Amino acid sequence: MDYAIDLLKILLPAGIVLYGMYLVVVSFLSKEREKMIVELKTQNSKTILPIRLQAAERLCLLLERISPNNLVRRSNPSSLTASELHAQLLHEVREEFNHNFSQQVYFSEQTWEAVKNAVENVNTLINQSRQSVDKEASGMDLAKAIFTRSLEQNNDAVSYALKLVKSEINIYF
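The shown structure was predicted, so the numbers you read here are calculated from the model rather than taken from an experiment. (Residues numbered from 1 in each chain as written. Predicted model: local features only at pLDDT ≥ 70, side-chain atom pairs only at ≥ 80, totals over all residues. Heavy atoms only, no water.)

## Observations regarding the packing of helix H1 (residues 2–66) against helix H6 (residues 157–170)
As a reminder, the rule being used: Angular values range over 0 to 180 degrees, each being the angle between N-to-C directions of two axes fitted as lines to C-alpha atoms, with helices fitted over their stretch in contact. In this description a helix means any DSSP run of H or I spanning at least four residues, a strand means any run of E spanning at least two, and both kinds are numbered starting from the N terminus. Reported orientations rely on four angle classes, namely roughly parallel under 35 degrees, roughly antiparallel over 145, roughly perpendicular from 65 to 115, and oblique for the rest. A crossing counts as left-handed when the near helix is turned anticlockwise from the far one by less than a right angle, and as right-handed when that turn is clockwise. Residues count as neighbours in contact if any of their non-hydrogen atoms are within 4.5 Å of one another. Asp, Glu, Lys and Arg are counted as charged, while Ala, Val, Leu, Ile, Met, Phe, Trp, Tyr, Cys and Pro are counted as nonpolar; the rest, among them Gly, fall into the polar class.
Where H1 contacts H6, the axes come no closer than 10 Å and their chain directions differ by 170 degrees. The orientation of H1 relative to H6 falls into the category roughly antiparallel. Considering only the axes of H1 and H6, their crossing is left-handed. In contact with Arg52, Leu53, Ala56, Leu59, Cys60, Leu63 and Glu64 of H1, H6 contributes Val158, Ala161, Leu162, Val165, Lys166 and Ile169. Taken together, the residues of the contact of H1 with H6 break down into 10 nonpolar, no polar and three charged.

Next up, the structure:
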């Protein structure tokens, strides 16, 4: 019996010391792991944040370029017929959107849907304006119809999408 008590006197403190060492090692490894995760996130943000900002710039530029006023001003409506201007405007909107399609990776689903809705809204505005002018109308007549319809619209999808892109980027600053 004395032998068991002596053995217990040795094993009990040794067990407590081993358990304490186990807790220290686990705590140390846990803190090191957390430190590595924070370091990886910092490195990621240094890499991804500039790319995300560039994507936001490109989406803002897309939205500004497809806004009806800027779109018509960039083309030369006086030298084109309404049909030619209509085709050119739709082509420009489509090309701008296709060129920036990959930017959706950097934005939320809601923001990307707003951008798509803005593009569709501009296409609809151009098509409706084309239908409202004569078949033999000049490009200037179509441009005036587009400006008029653009001013009449209460729900400006381009401005809304632009606001969403800007607010999403403001989260990071």
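## Section: helix H4 (residues 109–132)
The following threshold applies: Take the residue count of a helix, subtract one, and multiply by 1.5 Å to get its expected span. Any residue under 20% of the maximum accessible area for its type is buried, any over 50% is exposed, and the rest in between are partly exposed; the area is computed with a 1.4 Å probe on protein chains only.
With 24 residues, H4 should cover 34 Å at 1.5 Å per step; its first-to-last C-alpha distance of 34 Å lies within 8% of that length. Residues of H4 that are buried include every one of Thr111, Trp112, Ala114, Val115, Ala118, Val119, Val122, Leu125, Ile126, Ser129 and Arg130, and no others.

## As for the packing of aromatic side chains
Inclusion rule: In this analysis, rings of Phe, Tyr and Trp, with Trp reduced to its six-membered ring, are considered paired at centre separations within 6.5 Å, and the interplanar angle assigns stacked below 30 degrees, edge-to-face beyond 60, and tilted for intermediate values.
Tallying each qualifying case throughout the model produces three aromatic pairs. Relative to Trp112, the ring of Phe97 lies with its centre 5.6 Å away and its plane at 20 degrees, an arrangement referred to as stacked. With Phe97 in helix H3 (residues 82–99) and Trp112 in helix H4, this residue pair connects regions lying 15 residues apart in the sequence. You can call Phe97 buried: its relative accessible area is 14%. On the basis of relative accessibility, which here comes to 3%, the residue Trp112 falls in the buried class. Plain terms: the ring middles of Phe101 and Trp112 are 5.8 Å apart, the flat faces sit at 80 degrees to each other, and that makes the pair edge-to-face. In this pair, Phe101 is assigned in the loop between H3 and H4 and Trp112 in helix H4, connecting sequence segments 11 residues apart. Phe101 sits in the partly exposed class, given a relative accessible area of 40%. Every member of this aromatic cluster is reached through a ring pair, and the members are Phe97, Phe101 and Trp112.

## Focus on the packing of H1 against H4
Viewed as axis vectors pointing N to C, H1 and H4 meet at an angle of 20 degrees, and their least axial separation amounts to 10 Å. If you check the angle between H1 and H4, you find them roughly parallel. The chirality of how H1 crosses H4 is left-handed. Along its contact with H1, which presents Leu59, Leu62, Leu63 and Ile66, the element H4 presents Trp112, Val115, Ala118, Val119 and Val122. A per-class count over the contact of H1 with H4 returns nine nonpolar, no polar and no charged.

## So, a nonpolar patch on the surface
To be explicit about the condition: Only residues whose relative accessible area exceeds 30% and that form no salt bridge enter a patch; like-charged residues are grouped when within 9 Å of one another, and nonpolar side chains (Val, Leu, Ile, Met, Phe, Trp, Tyr) when within 5 Å. Computed with a 1.4 Å probe, the accessible areas rest on the Shrake-Rupley method; for each residue, only the protein chains presented here act as cover. By definition here, a salt bridge exists when the distance from a side-chain nitrogen of Lys or Arg to a carboxyl oxygen of Asp or Glu is within 4 Å.
Taken together, the side chains of Tyr19, Tyr22, Leu23 and Val26 present a nonpolar region at the surface, about 430 Å² in accessible area. Here Val26 is to be found in helix H1.

## Quick notes on H3
To be explicit about the condition: Taking the helix axis as origin, the arc is that swept by the directions to the C-beta atoms.
The end-to-end C-alpha distance of H3 is 25 Å, a good match for the 26 Å that 18 residues give at a rise of 1.5 Å each. Three or more residues of H3 are buried, namely Ala82, Leu85, His86, Leu89, Leu90, Glu92, Val93, Glu96 and Phe97. The buried residues of H3 occupy an angular sector of 155 degrees when projected down its axis, which confines them to one face. Looking at the buried positions of H3, the neighbouring elements they touch are H1, helix H2 (68–74), H4 and helix H5 (139–152).

## Observations concerning the pattern of salt bridges
For the structure on display, the rule yields four salt bridges. Close ionic contact of Arg74 with Glu92 constitutes a salt bridge, the shortest N to O distance being 3.2 Å. Taken together, the positions of Arg74 in helix H2 and Glu92 in helix H3 put the pair 18 residues apart, joining distant regions of the chain.

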